[in-house]
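What the coordinates show
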Amino acid sequence: MNMIEAINSAMDIMLERDPNTVVMGEDVGFFGGVFRATAGLQKKHGKTRVFDTPINECGIIGVAVGMGAYGLRPVPEIQFADYIYPGLDQLVSEAARLRYRSANDFICPMTVRTPFGGGIFGGQTHSQSPESIMTHICGVKTVIPSNPYDAKGLLIAAIEDNDPVVFLEPKRIYNGPFSGYYDRPVEPWSKHDASAVPEDYYRIELGKAATVRAGEAVTVLAYGTMVHVAKTVIEEMGVDAEILDLRTLLPLDIDAIETSVKKTGRCLIIHEATRTSGFGAELAALVQERCFYHLEAPVERVTGFDTPYPHSLEWAYFPGPVRIATALEKIMKD
Amino acid sequence: MPETHRRPASNLPPLSLHIPEPRYRPGDTPDFGDIDVPAVEATPRPGEATKPDAMRDMCYGLVRVLDFDGQAKGAWDPKLSAERLRAMLRYMMLVRAFDDRMFRAQRQGKTSFYMKCTGEEATSVASTMAIDRADMCFPSYRQQGILIARDYPLIQMMNQIYSNRGDHLLGRQLPIMYSAPEHGFFSVSGNLATQYPQAVGWAMASASKGDSRIATVWCGEGSSAEGDFHSALTFATVYNAPVIFNVVNNQWAISSFSGFAGGERTTFAARAVGYGIAGLRVDGNDPLAVYAATQWAADRARTNNGPTLIEHFTYRAEGHSTSDDPSAYRAAQEASAWPFGDPIARMKQHLIALGEWDDAQHDALRAELDDLVKTTQKQSEKLGILGHGMHQPFETMFEDVFEQMPWHLKEQCDQMLAEQEKKFGPNWKPE
Ligand SMILES: Cc1ncc(C[n+]2csc(CCOP(=O)(O)OP(=O)(O)O)c2C)c(N)n1
């Protein structure tokens, strides 16, 4: 399965298993979503379980809060993560706080799915990476898969979770892993181990990182598309790096990070999102607090730039192989 | 002048920007003589299944039942029993007694904040009495009448207001932001109008499950300018959601009059027209009209005829909250000049006209309710008041952010507990 099929399969299974699961969003019903993530679900599960919504993100998330409070398990789709902002108040002030403010009177078990990230020539409004904004909200979990197998298991766990989850789907790798070289042919997921996705139900616990590659020389913290870019660069450079795919940013697998950095003594953090106040800043601070006396070089960040996402200069913006290699060379120097 | 601000050459007079101004300011003598008060019999009652476009006039008229002599008349008379009328009166009076007492408690420094609904009691009490006990209410912050009309224990309201150890919300919420699922009362948010789409979602969920319960939701006319309001109406019409939208038009949103929400150009009920939703404009100071309109809308929703928007035309007779001083922005006599009177006085007059009530009974009831509120207040204050010590175990601050506490919150909780132990010693217990 590719990542879209895996995500589709997760929703299909949850619609089947739990009559309270509903899937909703712009174009998700009859058409099956602009990325086809919900293809066939309405036909199979019916129009009241899988349906189109008005183009109104505040309404989509706000209505999902009410559905969750009723006892449903809504899985709203925001067509692009860039459009989560019109619905952000319902997420921040309502969904995220409902359990707390009502002392468990009401809960909001929703999973907001949304494609995010760049590398598809989407311009300023189809490329953003808002994960650090999500992790800054108290009461929301943030999940980012990097391959089909994880996407399915994590999405099932997210839908079953009784708290609101923002499930960010790196759209650049929907159809195949991305090396970071935009001028090379893209390999399909079918050539990758993670494409072996079981048809049946399985879940991957939220809050657990995965070791993509074991190594001794440096720890690379990445998630989503950047896991694959990092892997390509590291293999090409022949660095003995350990790559952790964080998978869930909140709750974060701090133990995995701490163990790895203490072992390697060096840490490189990679994300696509803009640099200032990005999630990398949080990771760097945590590593510094917990592993300072084990560090042999300053923690480095490789990120997007603090500009709106450019269209034609997309590949100059993208934290690609050159930027990663330069940072790795620096960190490995002494 | 910068180039971009230059007027284009033409013979037209310059454009001018309109900034709404209320009709009266402090020092003015208000005169509401020009407000159209249609005769009680003038407003027809369409069938509950009437298509919205066949009842547009209802968005511009006024549903009324009680005339100013206390007689119930016209097509909208819900013909309630004397017993039910007295119950309605009692609930409204209890709301007022409660408000007065809690307002005073705030002034005495026993809590941080309070909001009265004086003059608007009918818009929550009569409205709640007209729906089923199992229907879910999504209140804004001025609908204490819902809880009272559903016999929610007064002491629990007070415990919440005092954030004391009886507060089941553990002191997390601003006073008056209650939550009572078992009374069909959704948790109150401080963000205006957010509950509008949530009510629609709840109603959609109910419909999709083949349930028979409906949702009702309240906001002020000021808040109807929020995007959430329009999101909610869009979703409600698209999915024909079984929901009742209440807009309590009390003329003022803190110091901004209704003109700043668009009220100069049209009615708030007329917002329904653009969405193809049924709209009713109601005399919000007439408890029977509020009851009748809500009952109509509830029947409509329950028979799959869709949502209704009800504008309750009323007046905020007191300050916005304990933090507000209305004499700074509005004419002093506005409340008394308001042509629709006071809902409690009108209900009393009606019952007296029916021969079902008298002044002595009224005074006795008021005394009884004041007493009830006072006694309850004493009990609640035994559980603590805001600012007098801490009433909740410290660690509750970190609970319920998530179903299970993640490591970073556990760490922060431990840090806070260590700080508190330094301050208060290891044996500290909540008061
Ligand atoms: C989203 C949001 N913006 C602003 C406020 C601050 N605020 C609290 S009450 C209020 C006025 C609301 O007026 P209205 O909706 O007419 O209701 P009323 O108080 O008259 O019942 C404002 C601006 C808020 N609570 N939420």
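From a predicted model like this one, the values you see are computed outputs, not experimental measurements.

How big an interface is tends to be stated in terms of accessible area lost as the parts join. Residue and element names in this part refer to chain A. Annotation of chain A at the domain level lists domain 1 (1–193) and domain 2 (208–330). Look at where the C-alpha atoms of domain 1 and domain 2 centre, and you get two points 24 Å apart. At the interface, 34 residues of domain 1 touch 28 residues of domain 2. Contact between domain 1 and domain 2 buries roughly 2,700 Å² in total, counting both sides, with carbon and sulfur atoms accounting for 60%. Counting the contacts that link domain 1 with domain 2 gives two salt bridges. Between Asp150 and Arg247 there is a salt bridge, with its nearest N and O atoms 3.2 Å apart. Those elements that place two or more of their residues in the side of domain 1 that touches domain 2 are helix H6 (131–135), strand S5 (141–143) and helix H7 (148–160). Class assignment of the residues belonging to the side of domain 1 that touches domain 2 gives a composition of 14 nonpolar, 15 polar and five charged.

Roughly 820 Å³ of internal volume is contained in the largest pocket. Forming the walls of the largest pocket are 33 residues, and the residues nearest its centre are A:Thr135, A:Leu250, A:Glu282, B:His408 and B:Gln412. Among the elements that line the lining of the largest pocket, the one with the most residues is helix H10 (residues 279–291) of chain A, at seven residues. Here the second largest pocket defines a volume of roughly 600 Å³. In terms of lining, the second largest pocket is formed by 30 residues, of which the most central are B:Arg23, B:Gln251, B:Ser258, B:Gly263 and B:Phe313. Of the residues that constitute the lining of the second largest pocket, the class distribution is 13 nonpolar, eight polar and nine charged.

Residues and elements named next belong to chain B. Orientation of helix H5 (residues 195–208) relative to helix H6 (residues 227–239), taken along the N-to-C sense of each, is 20 degrees, at an axis distance of 7 Å. Considered as vectors, H5 and H6 are oriented roughly parallel to each other. In this structure, H5 crosses over H6, and the sense of that crossing is left-handed. Residues Tyr196, Pro197, Val200 and Met204 of H5 form the contact with H6, whose own contacting residues are Asp228, Phe229, Ala232, Leu233, Phe235, Ala236 and Tyr239.

The interface of chain B with chain A comprises 45 residues on the first partner and 44 residues on the second. Between chain B and chain A, a total of about 3,600 Å² is buried, with carbon and sulfur atoms accounting for 61% of that surface. In terms of surface lost to chain A, no three residues of chain B exceed B:Phe235, B:Phe402 and B:Trp407, which account for 18% of the buried area on that side. Inspection of the chain B/chain A interface yields one salt bridge. Residue B:Glu411 is joined to A:Arg290 by a salt bridge in which the shortest nitrogen-to-oxygen separation is 2.7 Å.

This brings us to the site of the ligand. All names here are of chain B. Around the ligand, a shell composed of 15 residues is seen, among which Tyr141, Arg142, Gly190, Ser223 and Trp252 lie nearest. Measuring from an oxygen atom of the ligand, one finds a side-chain N or O atom of Tyr141 at 2.6 Å. With respect to the ligand, the backbone of Gly222 contributes an N or O atom lying 2.9 Å from an oxygen atom. Taking 590 Å² as the accessible area of the ligand by itself, protein coverage stands at 72%. The residue inventory of the shell around the ligand, partitioned by class, reads five nonpolar, seven polar and three charged.

What follows concerns the sheet that holds strand S6 (residues 278–283) of chain B. Residues and elements named next belong to chain B. Across the sheet, five strands lie side by side as S1-S2-S3-S7-S6; this open sheet has parallel pairing. On the outer flanks of this sheet lie strand S1 (136–138) and S6, each paired with one strand and no other. Strand after strand, the sheet turns through a mean of 20 degrees between neighbouring axes, direction not considered. As paired strands, strand S3 (residues 243–249) and strand S7 (residues 308–313) are joined by six bridges and run parallel to one another. Among the inter-strand pairings, Val247 is bridged to a residue of S7, identified as Glu311. The sheet contacts of helix H8 (residues 287–302) involve S3, S6 and S7, and relative to S6 the element is tilted by about 165 degrees.

The next point concerns the environment of B:Ala199. Residue and element names in this part refer to chain B. Position of Ala199 relative to the elements: it lies in helix H5. Residue Ala199 is classed as buried on the basis of its relative accessible area of 0%. Apart from residues lying up to four places away in sequence, Ala199 is in contact with Phe138, Ala215, Val217 and Val243.

Right, let's talk about the pattern of salt bridges for a bit. All names here are of chain A. Overall, the coordinates contain 42 salt bridges over all chains when judged by the stated rule. Residues Arg101 and Glu94 are paired through a salt bridge, measuring 3.1 Å at the closest nitrogen-oxygen approach. You can call Glu94 buried: its relative accessible area is 1%. A salt bridge links Glu160 to Arg203, with the nearest nitrogen and oxygen atoms 2.4 Å apart. Here the residue Glu160 occupies a position in helix H7, and Arg203 occupies one in the loop between strand S6 (165–170) and strand S7 (210–213), the gap between them amounting to 43 residues. Linked by salt bridges that have partners in common, Arg99, Lys141, Asp161 and Asp163 make up one network.

What follows deals with the sheet that holds S7(A). Residues and elements named next belong to chain A. Ordered by their spatial adjacency, five strands build an open sheet running S7-S9-S8-S11-S12, and the pairing between neighbours is mixed. Each edge of the sheet is formed by a strand with only one pairing partner; in this case those strands are S7 and strand S12 (300–304). Strand-to-strand twist across the sheet, computed as the mean angle between neighbouring axes with direction ignored, equals 25 degrees.

Looking now at the UniProt feature "domain: Transketolase-like pyrimidine-binding" (unreviewed entry) in chain A. The residues that UniProt annotates with the feature "domain: Transketolase-like pyrimidine-binding" (unreviewed entry) are residues 1–176 of chain A. The straight-line gap between the two end C-alpha atoms of residues 1–176 of chain A is 10 Å; of that span, 36% is helix and 16% is strand.

What follows is about the UniProt feature "domain: 2-oxoisovalerate dehydrogenase E1 alpha subunit N-terminal" (unreviewed entry) in chain B. The sites that carry the UniProt feature "domain: 2-oxoisovalerate dehydrogenase E1 alpha subunit N-terminal" (unreviewed entry) are, in the present numbering, residues 13–53 of chain B. Span residues 13–53 of chain B is 0% helix and 0% strand, its end C-alpha atoms 39 Å apart.

Rules used throughout
- Each chain carries its own residue numbering, running from 1 in the written order of its sequence.
- Just so you know, chain letters begin at A and ligand numbers begin at 1, following the order they were written in.
- Since the coordinates come from a predicted model, pLDDT governs what is reported: local features require at least 70, and pairs of side-chain atoms require 80 or more to be given and counted, while whole-chain, interface and lining totals use all residues.
- Hydrogens and water molecules were not included; the side-chain quantities draw on all heavy atoms of the structure.
- Domain ranges listed in this record stem from an automatic or a database domain assignment.
- We call two residues in contact when some of their heavy atoms are within 4.5 Å.
- Accessible area, probed at 1.4 Å, shrinks when two parts are joined; the buried area is that loss added up over both.
- Here, a salt bridge means any side-chain nitrogen of Lys or Arg that lies within 4 Å of a carboxyl oxygen of Asp or Glu.
- A run of DSSP states H or I qualifies as a helix once it reaches four residues; a run of E qualifies as a strand once it reaches two. Both are numbered from the N-terminal end.
- The nonpolar class holds Ala, Val, Leu, Ile, Met, Phe, Trp, Tyr, Cys and Pro. Asp, Glu, Lys and Arg form the charged class, and all remaining residues, Gly among them, are polar.
- The way it works is a 1 Å grid over only the protein atoms, where trapped points that fit a 1.4 Å probe form a cavity and open points with protein on both sides within 12 Å along at least five of seven lines form a pocket, and then any residue with an atom within 4 Å of a point lines it.
- Grid points are joined across faces, edges and corners, and a volume is the space filled by probe spheres set on the points.
- Angles here are taken between N-to-C directions and fall from 0 to 180 degrees, while the axes themselves are lines fitted to C-alpha atoms, restricted in helices to the stretch in contact.
- Each angle is binned into one of four classes, with values under 35 degrees roughly parallel, values over 145 roughly antiparallel, values of 65 to 115 roughly perpendicular, and all other values oblique.
- Two helices crossing with the near one rotated counterclockwise from the far one by less than a right angle form a left-handed crossing, whereas a clockwise rotation gives a right-handed crossing.
- We call a residue near a molecule or strand whenever a single non-hydrogen atom of that residue lies within 4 Å of it.
- Whenever a nitrogen or oxygen atom comes within 3.5 Å of another N or O atom, the pair is scored as a polar contact, on the condition that within protein one atom can donate a hydrogen and the other can accept it, and that pairs from neighbouring residues in sequence are kept only if both atoms are in side chains.
- In short, Shrake-Rupley with a 1.4 Å probe defines the accessible areas, and a residue's cover is counted only from the protein chains shown.
- Pairing between strands is defined by DSSP: at least two bridges between the two strands are required.
- For the exposure calls, accessible area comes from a 1.4 Å probe over protein chains only, and a residue counts as buried if that area is under 20% of its type's maximum, exposed if over 50%, partly exposed in between.
- UniProt positions are given in the numbering used here, feature names are shortened, and annotations may be inferred rather than shown by experiment.

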